[in-house]
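Inside the fold
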Amino acid sequence: METKSKPSGKRKTADTGDAASPEAQEQHARSGTQSIERVVGMLRVIASRGRRGMRIADVVSVSGLPMSTCFRMLQRLELEGLVYRDPLTRKYHLGPLLYELGLLAQPRYRLSELCDEALRVIADQTQDTVYLSERRGSESICTSRALGDYPIKALTLDVGIRRPMGVGAGGLAILSALPPAEADQIVEASGAQYAKFGAFDPGFLRAAVIESRTRGYSFLDSAATPGTAAVGVAFPPENPIAAISVAAISSRMGPSRRREVARIIQKQVGVICTLLHSHAPALLQPGER
């Protein structure tokens, strides 16, 4: 006589556990996304100091993450080649893998090459320091710089430095050229970041945006860097993806000269816009922000 054995509870548990519940899958996906955001945030923190690098205590202070978390993340990022720790200074820098990946991405993001001649012309005519800032989401990043011959130079930025949109004349020019609702959204979302840059806060920026729209160019004096003033113009008008700014010591940026500097920038921006429309239409797509 045959008897049918009952399936064991252990087997049943294994069968029902093969597929995770939708809630568990969603939680796992959310955890993965947060991990990516945290890694990208860490790289941005290190990049914020340009080529000077950061000690782990500075990374902890700027990121707001616990020391143990920063240490584990930096160790792993170093193993992957995304950061490099100088054995002498103990400072962390962006790593070789980012440079190698950047070489592949560079041909698609070559706005700085199109602007090289314009930046040189502006530097020659103003004798001051000229910066190209490009929009990256709610931030602006310095992608090129040209030096004029005036003996006292306003070196407020290095190539590769990124800041919240609106900090600096270039970022303020881009912010002011955006649709009002979009600009206000960026200012609202970046409030905590503005607090790290002296006079900048949402109220100050909203007033500066209104003034910039009225003038047709941005102007800041001793806001981010004491004793330094700058004028900025965003482009192209229909989709502001970048700005050119000229920085000088404050005494060189009186009302009449700042208007003259703005006219010089605007003339070269017109040349750049022509180049953008005829030779690099892909750079004008909103997805490239």
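Residues numbered from 1 in each chain as written. Predicted model: local features only at pLDDT ≥ 70, side-chain atom pairs only at ≥ 80, totals over all residues. Heavy atoms only, no water.

**Observations concerning the pattern of salt bridges**
For clarity, the cut-off: Just to be clear on terms, a salt bridge is a Lys or Arg side-chain nitrogen sitting within 4 Å of an Asp or Glu carboxyl oxygen. A run of DSSP states H or I qualifies as a helix once it reaches four residues; a run of E qualifies as a strand once it reaches two. Both are numbered from the N-terminal end. The cut-offs for exposure are 20% and 50% of the maximum accessible area for each residue type, with area from a 1.4 Å probe on protein chains only; residues under the lower value are buried, those over the upper are exposed, and the others partly exposed.
Applying the stated rule across the entire model yields 14 salt bridges. Between Glu260 and Arg263 there is a salt bridge; the shortest N-O distance is 2.8 Å. Taken as a pair, Glu260 and Arg263 lie in helix α11 (residues 255–279) at a separation of three residues, close to a single helical turn. Owing to a relative accessible area of 48%, Arg263 belongs among the partly exposed residues under this scheme. Each of the salt bridges in this network shares a partner with another, and the network as a whole consists of Arg44, Glu139 and Arg162.

**Some details on the confidence of the model for the protein**
Convention followed: Confidence scores here are pLDDT values: one per residue, from the predictor, ranging 0 to 100. Contact between two residues is taken to exist if any of their heavy atoms lie within 4.5 Å; hydrogens are not considered.
Counting all residues, the mean pLDDT for the protein is 84, and 83% of those residues have values of 70 or more. Predicted confidence for residues 1–5 stays below pLDDT 50, and this span has zero contacts to residues more than four positions away or in other chains.

**With respect to the side chain of Arg162**
Inspection of the secondary structure puts Arg162 in strand β5 (residues 162–164). Not counting the four nearest positions on each side in its chain, Arg162 is found in contact with Arg44, Arg136, Glu139, Ser140 and Ile141.

**Here we look at the sheet that holds β5**
Our working rule: Paired strands are those between which DSSP finds at least two bridges. All axes are obtained by fitting lines to C-alpha atoms, using only the stretch in contact for helices, and the reported angles, taken between N-to-C directions, cover 0 to 180 degrees.
Strand order in this open sheet of six strands is β5-β4-β3-β8-β7-β6, and the pairing throughout is antiparallel. The sheet is open, and its two edges are formed by β5 and β6 (218–221), each paired on a single side. Neighbour-to-neighbour, the strand axes of this sheet turn through a mean angle of 30°, independent of strand direction. Note: strand β3 (residues 129–136) against strand β8 (residues 242–249), six bridges, orientation antiparallel. Counterpart to Tyr131 in the pairing with β8 is Ser245. Helix-sheet contacts for helix α7 (residues 169–177) involve β3, β4 (139–146), β6, β7 (228–235) and β8, and the interaxial angle to β7 is about 40°.

**Quick look at the pairing of β3**
Regular strands have side chains that alternate between both faces of the sheet. Extensive coverage of β3 is indicated by the burial of seven of its eight residues. In terms of strand pairing, β3 meets β4 through seven bridges, oriented antiparallel. Residue Val130 lies in a different strand from β4, and its bridge partner there is Ala146. Here β3 folds back onto β4, and the loop between the two strands holds two residues, one of which, Gly137, carries a positive phi near 65°.

**Considerations on unusual backbone geometry**
In this structure, the amide linkage connecting Phe235 to the following residue, Pro236, adopts the cis form with an omega of -15°. Along the chain, the position of Pro236 falls in the loop between β7 and β8. Of note in this structure, Arg90 is not a glycine but carries a positive phi near 65°. Exposure remark for Arg90: the relative accessible area of 53% places this residue in the exposed category. Phi angles above zero are rare outside glycine, and Gln127 is one such case at about 70°. Inspection of the secondary structure puts Gln127 in the loop between α6 (111–126) and β3. Under the relative-accessibility criterion, Gln127 is labelled partly exposed at 28%.

**Observations regarding the packing of aromatic side chains**
To keep things clear, this is the line we draw: The pairing test for Phe, Tyr and Trp rings, Trp by its six-membered ring, is centres within 6.5 Å, and the orientation test on the planes gives stacked under 30 degrees, edge-to-face over 60, and tilted for anything in between. In this scheme, the term charge over a ring applies when either NZ of a lysine or CZ of an arginine sits within 6 Å of the ring centre and within 35 degrees of the ring normal.
Within this structure, the stated rule accounts for one aromatic pair. Centroid distance Phe200 to Phe204: 5.4 Å. Interplanar angle 85°. Geometry classified as edge-to-face. By relative accessible area, which is 2% here, Phe200 ends up buried. A residue is classified by how much of its surface remains accessible, and Phe204, at 30% relative accessible area, is partly exposed. The ring of Tyr150 carries Arg252 above its face, with NZ or CZ at 3.7 Å from the centroid. The lysine or arginine in question, Arg258, covers the ring of Phe219, its NZ or CZ lying 3.9 Å from the ring centre.

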